[in-house]
Amino acid sequence: PLMKNIQMFIFKTLNNAYQIGDFWLPIPVYKHRVKYQICHGKIENMEYILVHCNDLARKIIWDLAKSI
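Residues numbered from 1 in each chain as written. Predicted model: local features only at pLDDT ≥ 70, side-chain atom pairs only at ≥ 80, totals over all residues. Heavy atoms only, no water.

## Concerning the pattern of salt bridges
Opposite charge on two side chains permits pairing when their charged atoms draw close. Under the definition given, this model contains one salt bridge. Close ionic contact of K59 with D63 constitutes a salt bridge, the shortest N to O distance being 2.9 Å. Of this pair, K59 and D63 are both found in helix 3 (residues 56-66), four residues apart, which corresponds to roughly one turn of the helix. Residue K59 is classed as partly exposed on the basis of its relative accessible area of 45%. D63 sits in the partly exposed class, given a relative accessible area of 34%. (Salt bridge = Lys/Arg side-chain N within 4 Å of Asp/Glu carboxyl O. Helix = DSSP H or I, 4+ residues; strand = E, 2+ residues; numbered from the N terminus. Buried < 20%, exposed > 50% of the residue type's maximum accessible area, 1.4 Å probe, protein only.)

Here you go:
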């Protein structure tokens, strides 16, 4: 069975429960959070963060995941 924190991550990801991207649009003082600051203003979403972002941290995380 998957560990509880992995189950929660999958659940939140599938149900768009993370406070990223479009979540912030209706809140005027937080509209700047819609865009992913690390990747120079790309619209932030979990797929982009996990798969497409060129940030070194993402590469490190995927390299660690591959070694499991």
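## What to know about a nonpolar patch on the surface
There is a patch of nonpolar side chains on the surface, built from L2, M3, I6, F9, I10 and L14 and spanning about 560 Å² of accessible area. Mapped onto the elements of the fold, M3 is located in the segment before helix 1 (4-14). (Patch = residues over 30% accessible without salt bridge, like charges linked within 9 Å, V, L, I, M, F, W, Y side chains within 5 Å. Areas by Shrake-Rupley, 256 points an atom, 1.4 Å probe, with all protein chains shown as cover.)

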